[in-house]
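What follows is each chain in one-letter form.
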Amino acid sequence: MGLFNWRKAGAKTSEELPESSVVAEYEAEAMEGDTQAEVASGVCSVQYVPQDSQEVDANIEGLLDAGSLWLPVVPDAQMQFTPDPRDATKSLAVVYILQGSALQLQVFAAPKNKGLWEQVRLDMRTSIAAQGGSSVEVGGPLGKELAAQLPLPDSGLLAPHRFLGVDGPRWLLRISIYGRAATDTQRAAELLEILGQVVVHRGEEPYMPKDLLPLHIQ
């Protein structure tokens, strides 16, 4: 899975997010389908927008408090946390896996007066090309996104991915869709419905822009 180098909170250097074997299996399954399918825009009829913790009731009953993200437990979906190799008490991302498709969520610190998604897309396109993949900017249910083909490790094959972003108050939520949903808009819509239940908790701690906000399991 093509994941990109971002600074973790408090870290001076960045490292590539590790990939689980389960996710790799789903990406391999996706190669059996049409990896050249285009991502349609405007196919989603609802707003898949996460909420900010300052805009919701402090009572988050029914959500898993994972630090910077408060997460719904989705029936039939498997939830995985990618551990931080430098700190076993923290995670680098959360991934929902549902019927051969995956939705990965990461939240980054952002400036008070400026969103990051436009610049991050440009950075990601450079990173994708450096890895031997390709990407194109397209319209989607959350605005501009990237439709990408990323190299699978040690295989020489390319797997489709979609990358979406939501600029919030002092945060950026980066969303990755891969597996079958990367080329199936109906499956993608089912995953994106999860976003409407997600709450981003930025907190008041100081972070540099693009620092990965900490995730952990209570």
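Structure: see above.
These numbers come from a predicted model, not from an experiment.

Student: Could you clarify how one ought to interpret the environment of L157 in this entry?
Tutor: Checked against the element boundaries, L157 lands in the loop between strand 8 (143–151) and strand 9 (158–168). For the pair L157 and G133, spaced 24 residues apart in sequence, the C-alpha to C-alpha distance is 9.8 Å.

Student: Teacher, can you tell me more about the sheet that holds strand 1 (residues 51–52) here?
Tutor: Sheet strands pair by backbone hydrogen bonding; their relative direction is either parallel or antiparallel. Spatial ordering of the open sheet is given by 1-11-3-2, a layout of four strands whose pairing is mixed. Where the open sheet ends on each side, the last strands, each with one partner, are strand 1 and strand 2 (63–65). Bridge count for strand 3 (residues 69–72) against strand 11 (residues 199–200) is two bridges, and the pairing is antiparallel. Within the sheet, the bridge partner assigned to L69 lies in strand 11 and is V200.

Student: Honestly, the pattern of salt bridges in this entry has me stumped. Any pointers?
Tutor: Once the charged atoms of two side chains with opposite charge are near each other, the side chains can pair. A complete count under the given rule lists six salt bridges for this structure. Here K144 and E137 are joined by a salt bridge, their closest N and O atoms 3.9 Å apart. The residue E145 makes a salt bridge to R162 at a minimum N-O spacing of 2.7 Å. Of this pair, E145 sits in strand 8 while R162 sits in strand 9, and the two are 17 residues apart along the sequence. Each member of the pair, E145 together with R162, is buried. Several salt bridges share partner residues, and in doing so they unite R121, E137 and K144 into one network.

Student: Even after reading the chapter, I still don't get the nonpolar core, so can you show me in this structure?
Tutor: Side chains of nonpolar character tend, in soluble globular proteins, to be buried together. One finds L69, L71, L105, L173, I175 and I177 to be the most contacted residues of the largest nonpolar core, which totals 32 residues. When contributions to this core are tallied by element, the ones reaching two or more residues are strand 3, strand 5 (87–98), strand 6 (101–109), strand 9, strand 10 (171–179) and helix 3 (185–192).

Student: I would appreciate a short explanation of unusual backbone geometry in the present structure.
Tutor: With the exception of glycine, the majority of residues adopt a negative phi angle, and the majority of peptide bonds are in the trans configuration. Located in the positive-phi region is D154, a residue other than glycine, with phi close to 60°. One non-glycine residue with positive phi stands out, namely R170, at about 70°. Of note, R170 is situated in the loop between strand 9 and strand 10.

Student: Is there a simple way to think about the side chain of S101 in this case?
Tutor: Along the polypeptide, S101 turns up in strand 6. For S101, the side chain forms a polar contact with the main-chain nitrogen of A181, separated by 2.9 Å.

Student: What am I meant to see in the sheet that holds strand 10 here?
Tutor: Taken together, the seven strands give an open sheet; going across it, the order is 4-5-6-10-9-8-7, and neighbouring strands pair in antiparallel fashion. At either margin of the open sheet sits one strand with a lone partner, and together these are strand 4 (78–84) and strand 7 (134–140). Taking each pair of neighbouring strands and ignoring which way they run, the sheet shows an average axis angle of 30°. Here seven bridges tie strand 7 to strand 8, and the two strands are oriented antiparallel to one another. Looking at the pairing, G140 lines up with G143 of strand 8. Contacts between helix 2 (residues 117–130) and the sheet are confined to strand 7, strand 8, strand 9 and strand 10, with strand 8 contributing the most and set at about 15° to the helix. With respect to the sheet, helix 3 is in contact with strand 5, strand 6, strand 9 and strand 10, its orientation differing from that of strand 6 by roughly 45°.

Rules of the game
Residues numbered from 1 in each chain as written. Predicted model: local features only at pLDDT ≥ 70, side-chain atom pairs only at ≥ 80, totals over all residues. Heavy atoms only, no water. Helix = DSSP H or I, 4+ residues; strand = E, 2+ residues; numbered from the N terminus. Pairing = 2+ DSSP bridges. Salt bridge = Lys/Arg side-chain N within 4 Å of Asp/Glu carboxyl O. Buried < 20%, exposed > 50% of the residue type's maximum accessible area, 1.4 Å probe, protein only. Core = buried A, V, L, I, M, F, W, Y, C linked by side-chain atoms within 4.5 Å. Polar contact = N/O pair within 3.5 Å; in protein donor to acceptor, adjacent residues only side chain to side chain. Axes fitted to C-alpha atoms, helices over the stretch in contact; angles between N-to-C directions. Contact = heavy atoms within 4.5 Å.

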